[in-house]
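Fold and geometry: a report
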Amino acid sequence: AFSGSHQDAIRKGFLARKKERAAHWEVPYLPIDPSDIGREYEPIIRINSQSGKGGVAFVMEHDFGYHLPKAMHPEFGRVIQRKTDAVGRELSPDEVMEAFREVYLRVTGPLALRNYTIETRGELVSVRAQVASDGQEISVTGEGNGPISAFFSAVAGLGCPGLRFETYEQHAMGSGHNAEAVAYIGLIDGKGVMFGVGADRNTTTASFKAILCAINRYISDDKV
């Protein structure tokens, strides 16, 4: 399936089947389960210039375990659309993942998290963090109703005072000692939402990294 609408229907069919634990096979555009004839699922969704955000989200979830928030699908879909237009051919799942790393996971500056402490006083949470800003370490503090809002309050003024917290989602990847948390943070200004992604074995650190990723992309004007 190359068509964006077909890819989205297949993706939704798989999600519904998993959620409802259906006894019978009912997935749009797939009359039979490929595994019944010894075929894999990977070749079903193919990414080229015709593909839509649903197909890209399917590849990220099915092949790599990243459950991108629905609000993030258009943004990353544009990243892949731009890449397929540039190369003029179909992208492999590994190339889709590489684009995701490049845009979200390898954002290194101008802000970087060095260390932080969290203090709780009743319903109020305060965060003191050491953040590298253009190579120089600074200390920032913020308060909120939880660690995430407190950290955002602490760093929101570092080059992007107009940003507001819009959306947050998190999920685990892997299990046991190798499990990681992946956090997705959407920050908004008058022009739209900018997403950041953070991954770490510590769920709070993953969220803080996601906030800084979104802010760094905003500062660098990484519009997609």
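Notes on the structure in this doc start here. Note that the coordinates shown come from a computational prediction; the quantities given were computed from them, not determined experimentally.

**Some remarks on the sheet that holds strand β1 (residues 111-121)**
Reading across from one edge, β1-β2-β3 is the order of the three strands in this open sheet, with antiparallel pairing throughout. Two strands close off the open sheet at either side, each with one partner strand: β1 and β3 (136-144). Across the sheet, the axes of successive neighbouring strands diverge by a mean angle of 15°, strand direction being ignored. In this structure, β1 lies alongside strand β2 (residues 124-133), joined through ten bridges in antiparallel fashion. Its bridge partner being in β2, Arg121 is matched across the sheet by Leu124. Contacting β1, β2 and β3, helix α5 (residues 147-155) runs over the sheet at an angle of about 130° to β3. Contacts from helix α6 (residues 203-219) reach β1 and β2, with the element oriented near 130° to β1.

**Some thoughts on the environment of Leu30**
Note on placement: Leu30 falls in the loop between α1 (4-20) and α2 (53-64). On a C-alpha basis, the gap between Leu30 and Lys70 in space is 23 Å, while along the polypeptide they are 40 residues apart. The contacts of Leu30, once residues within four sequence positions are left out, are Ile10, Phe14, Trp25 and Ile44.

Conventions used here
Residues numbered from 1 in each chain as written. Predicted model: local features only at pLDDT ≥ 70, side-chain atom pairs only at ≥ 80, totals over all residues. Heavy atoms only, no water. Pairing = 2+ DSSP bridges. Helix = DSSP H or I, 4+ residues; strand = E, 2+ residues; numbered from the N terminus. Axes fitted to C-alpha atoms, helices over the stretch in contact; angles between N-to-C directions. Contact = heavy atoms within 4.5 Å.

Purely geometric numbers; function is a separate question.
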